[in-house]
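Structural overview for review
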Amino acid sequence: MDISFNIYSVTLFFGVFQGVLFGLIFLFRAVKNKRLSDLLMGFLLSALAIQILPFMLSFMGSTVMWNELLFFPFHIGLIIGPMIFFYLKSQTNTDFRFHKKHLWHLLPYVIYLTYHLSEFAQGKSFVQHWVSQVHLTYHIPLFFGLLCLLSNYIYLLWSVRYYNEYRDWLESEFSNTEQLDLAWYKKYLFLAISGIT
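To start, this report covers the structure provided alongside it. (Residues numbered from 1 in each chain as written. Predicted model: local features only at pLDDT ≥ 70, side-chain atom pairs only at ≥ 80, totals over all residues. Heavy atoms only, no water.)

Helix and strand content of the chain: seven helices and zero strands. Ordered by position from N to C terminus, the α and β elements of the chain give α-α-α-α-α-α-α. For the C-alpha atoms alone, the extent of the chain along its principal axes is close to 65 × 35 × 35 Å. Accessible surface computed for the chain: about 12700 Å², of which carbon and sulfur atoms make up 68%. Across the chain, the 13 positively charged side chains and the 11 negatively charged ones have centroids separated by 6 Å. (Helix = DSSP H or I, 4+ residues; strand = E, 2+ residues; numbered from the N terminus. Areas by Shrake-Rupley, 256 points an atom, 1.4 Å probe, with all protein chains shown as cover. Lys, Arg positive; Asp, Glu negative; His and termini not counted. Charge placed at Lys NZ, Arg CZ, Asp CG, Glu CD.)

What follows is the structure, given as structure tokens:
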């Protein structure tokens, strides 16, 4: 197998490297300072970096994704929305903690994860048969894609609403809100809305 480095693979490599690096920094700071928001951001950055990995390997000419790692659950679309939403809640409320009532937010991703891991664990030949005879035949990727899109819309709307409520509260409590208004998060929400719509 010939591995080639080109503008695409090198660019994605730096994206993966920085995502993992900053993810680990956030995770270290989360443990050190016991901050839930840093923990969520660390996991999110690391997960996003790992999701880019298959594209980087493909541009390098590696076939490991289609051979040894076929059907491995790299896709994290169903967990991004909840993590971004709960990051906002934990960043704006230091007393926020996860409880059992929050676990249902993870259910769609757990279903996706269980489905892929249970098939992946059966081995390469089983996975190839499953993909051609079941996975593609019954349009399961389409189902998960629509579920992911719906999840992104829902959590984006919740995030926008929660952010607006937070901004209203800030303006009623503080005269100078510049350091507390999470301006970068507002820009993220704008880009997210533009990307989805």
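Time to look at the packing of helix H3 (residues 77–92) against helix H6 (residues 140–173). Here H3 crosses H6 at 15 degrees, and the two axes come no closer than 7 Å. As judged from the angle between their axes, H3 and H6 are roughly parallel. Crossing angle aside, the handedness with which H3 passes H6 is left-handed. Residues Gly77, Leu78, Gly81, Pro82, Phe85, Leu88, Lys89 and Thr92 of H3 form the contact with H6, whose participating residues are Phe144, Leu147, Cys148, Ser151, Asn152, Tyr155, Trp158, Ser159, Tyr162, Tyr163 and Tyr166. (Axes fitted to C-alpha atoms, helices over the stretch in contact; angles between N-to-C directions. Parallel < 35°, antiparallel > 145°, perpendicular 65-115°, else oblique. Left-handed = near helix turned anticlockwise from the far one by under 90°. Contact = heavy atoms within 4.5 Å.)

Turning next to the packing of aromatic side chains. The final tally for this structure, using the stated rule, is 22 aromatic pairs. A centroid spacing of 5.8 Å and a plane angle of 65 degrees characterise the contact between Phe96 and Phe98, whose relative ring orientation is edge-to-face. Look at Phe96 and you get buried, because its relative accessible area is 9%. Aromatic pair Tyr155 and Trp158: ring centres 5.1 Å apart, planes at 80 degrees, arrangement edge-to-face. Of this pair, Tyr155 and Trp158 are both found in helix H6, three residues apart, which corresponds to roughly one turn of the helix. Given the relative accessible area of 27%, Trp158 is considered partly exposed. Through successive ring pairs, a cluster of aromatic residues spans Phe71, Tyr109, Tyr112, Tyr115, Phe126, Trp130, Phe143 and Phe144. (Phe/Tyr/Trp six-rings, centres within 6.5 Å; stacked < 30°, edge-to-face > 60°. Buried < 20%, exposed > 50% of the residue type's maximum accessible area, 1.4 Å probe, protein only.)

Note that all results are geometric; they support no functional claim without further evidence.
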